[in-house]
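Examining the three-dimensional arrangement
Each chain, letter by letter, is given below.
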Amino acid sequence: MKIPPVKGTRDFYPPQMAVRNFLSDGWKAVSLRNGFVEYDGPIFEYLRMYQVKSGDEIVEQLFHLTDRGGRELAIRPEITPTLARMINQQINALPRPIKWFSMPRLCRAERPQKGRLREFFQWNIDIVGVDDVLADAEVIFCTLDYLRSVGLSSSDIIAKISSRKLLAALLEHVGVPHDKLDGLYPILDKKAKLPGEAFVEMVAGVVESSQAVDKLLALMEVHSAGQIKDIVPDIAANDIAQAALDEVHQVFDLLEAMGVGDYCRFDMSIVRGLAYYTGIVFEVHDAVGDLRAVCGGGRYDNLLRDFGGPSVPATGMGMGDCVLEILLRDRGLLTEGMFKRKMDYFVACADSNLRPKAMEIVARLRQSGAATEFSYKSANLGKQLKAADACGARHCLIIGQEYSTDKKLVLKEMASGTQSLVNESNFLEKSAFIQ
RNA sequence: GUGGAAGUAGCUCAGUCGGUUAGAGCACCAGAUUGUGGAUCUGGGGGUCGGGGGUUCGAGUCCCCUCUUCCACCCCA
C-alpha cells in the first residue's frame, strides 16, 4: 500500500535539504554575530498555552491531541509562548540582557497556499528585559543584517516600520474612542489588501465621527514620521503621542547610523493583527509587494506578565522559511552551484588487487579531516573519474601500476586535469593534503 | 471552512472523434571505453494514466465521488 505525504508538508531530499541548511546556517550565523544565543523548547505544549492570547478560534488552526493521561496538547504553531514560559520560569536567574534566538519547526493546520504550508521553519530573535528603543532597532538591524547577507538589496525588500503606541495615541487624539481601538487594529492591518472603498467603509463601521475617520485615513497614508505634524499639528500638546513619535525618530536615526536606513520606511499601516504589540512594530516585504510578508515583529511588553510572570519588556521578530525561499529563488539568489557537493579527494583504484591499500588511504585521508569518497567498482578508471567528477572532488588519487612498481600515487587535480606522481608516505605523513 | 484550476514515467509534458501493446525530452543504469572525468552515440530499466465507482463492445479520453497539488478567500500568532 502506497502512503502519500501529508497535506502541506515537504520532503527534504538532499537538494532541498541543502537549501534548508543554507537558510538556517545563515540565520544562525547572523544571530550569533548579533549577540543572540540559541534556545529551543518542546515541539508540543499544553493547548491552553495558545489560548491565552488568541482565544478559542485558534484551536481550529492548531494540530491538537489528547494524550493517554487526558492532557490536551498542541503541536507548537509559534515559539513565543514557549519563550515566555521558559523565561518566566528562570526570570531571576537569567543574565541580562536576554538575547535569544531559535529556529523552530512549527505546524499550523491551515489551508496551504503560496508562501504558507502546514509545517515550516521560523527564525525567531527576541530581546527580553530591555525597554530602550535601542533593542527595537537592534532587532530590525539583525533582521536586515541577515537579509542583506543573502544578497537582498534595498531595491528587493523594504522594512516598513511603525509604532503601536504612536498609532493608539494618534487615533485617540483625533477622536477615536479608546474602546474602539482593539476592534480597529485588524481592519487597519488589512488596508493593503482591501479596495479603498471597502476599507473606508469598514473603518466607518467602527468609528462614528466622520471627522475622526478623515483624519485616520489621512494618517494611514503617511510614509514618513515627519508628515504626521501636517495632519496632527497639535501633536506636541499630547505627551504620549509626542513621546511615541520621538521613539520612532530615534529608531530611524539608529538604523540610519547602523547603515540600513535605505531599507527602512515609516508606514502607519503596519499594525500587526491583534492587541499583542505595545510599541515599535515592523514587517519586511518584497519591494514589488506580490508576496506575503517575509517577516514581522515588534515590541510586546505585556506578554510575559500575561503568561503569569513579572512585567518584563520584550521585543522580537519571526521569519518563516517559505516566503523567504520564494523571494530568494525569484531574485536568482539560490543557484545550483551554491549547493553542489564538494569533496576534497576521490580515491580511484585501478587494480582490484590494490583495493585494501586504496581503502587504507581513504581511511587516513578521512581521519585527517579531508572529505574523501571512492567508488565500489575497481579497475574501470573512466567510470571512477566520472564518479569523482559527480561528487565534486577537487583531487583524484589514482592507485594503480605506479603504486605496484614504485609505491607512487597519481594525484590529479580535477579542474585543470594536471596530474603528478607523489610518494605515498610523504603525501600521507606531511599531511600536505591540498584541501 | 469557501471558491476556481489541474493531476499521464523520478521531473517537464504530448497523447487527435472514445479504438491495437500509452509516448518524447531530461534524469537514472549500462555499453561504445579493462589507465583517465564533464561531450557524443547506442541500448536498458522505470507507468495502478492520483484513487474508487459508472456509461460503453471498448475509457488516459465521457460522467459522478474522493484524495492531492496550485491559485484566491477566511485566517495569519
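Keep in mind that this is a model prediction, so the values were computed, not measured.

1. Overview of the domain arrangement of chain A
You can read the domains of chain A as domain 1 (14-41 + 79-336) and domain 2 (341-428). Taking only C-alpha atoms, the centre of domain 1 and the centre of domain 2 are 53 Å apart.

2. A short note on helix α8 (residues 210-220)
Considered for burial, the residues of α8 that qualify are Ala-212, Val-213, Leu-216, Leu-217, Leu-219 and Met-220. Projection of α8 onto a plane perpendicular to its axis shows the buried side chains occupying an angular sector of 160°, all on one side. Along α8, the residues that are exposed and aim more than 90 degrees away from the buried face are Ser-210, Gln-211 and Asp-214. For α8, the elements touching its buried residues are α5 (164-173), α6 (181-189), α7 (196-206) and α9 (228-231).

3. Considering the nonpolar core
Within soluble globular proteins, side chains that are nonpolar generally end up buried alongside one another. With 80 residues, the main nonpolar core has Trp-123, Tyr-146, Leu-147, Leu-188, Leu-216 and Met-319 as its most contacted residues. Top contributing element to this core by residue count: helix α4 (residues 133-149), with 10 residues. Leaving out residues up to four positions away in the same chain, Leu-216 has contacts with Leu-171, Val-176, Leu-184, Leu-188, Val-203 and Val-207. Core analysis: the next-biggest nonpolar cluster, separate from the first, contains 27 residues, Tyr-39, Leu-83, Leu-303 and Val-312 among them.

4. What to know about the pairing of strand β10 (residues 280-286)
In terms of burial, β10 is a largely internal element, seven of the seven residues being buried. Bridge count for strand β8 (residues 157-163) against β10 is seven bridges, and the pairing is antiparallel. Across the sheet, Ser-163 pairs through a bridge with Ile-280, a residue of β10. Where β10 meets strand β11 (residues 295-299), four bridges bridge the pair, whose relative direction is antiparallel. Bridging across to β11, Phe-282 finds its partner in Gly-297.

The rules behind each value
- Residues numbered from 1 in each chain as written.
- Chains lettered and ligands numbered in written order.
- Predicted model: local features only at pLDDT ≥ 70, side-chain atom pairs only at ≥ 80, totals over all residues.
- Heavy atoms only, no water.
- Domains from an automatic or database assignment.
- Buried < 20%, exposed > 50% of the residue type's maximum accessible area, 1.4 Å probe, protein only.
- Helix = DSSP H or I, 4+ residues; strand = E, 2+ residues; numbered from the N terminus.
- Arc of directions from axis to C-beta.
- Contact = heavy atoms within 4.5 Å.
- Core = buried A, V, L, I, M, F, W, Y, C linked by side-chain atoms within 4.5 Å.
- Pairing = 2+ DSSP bridges.

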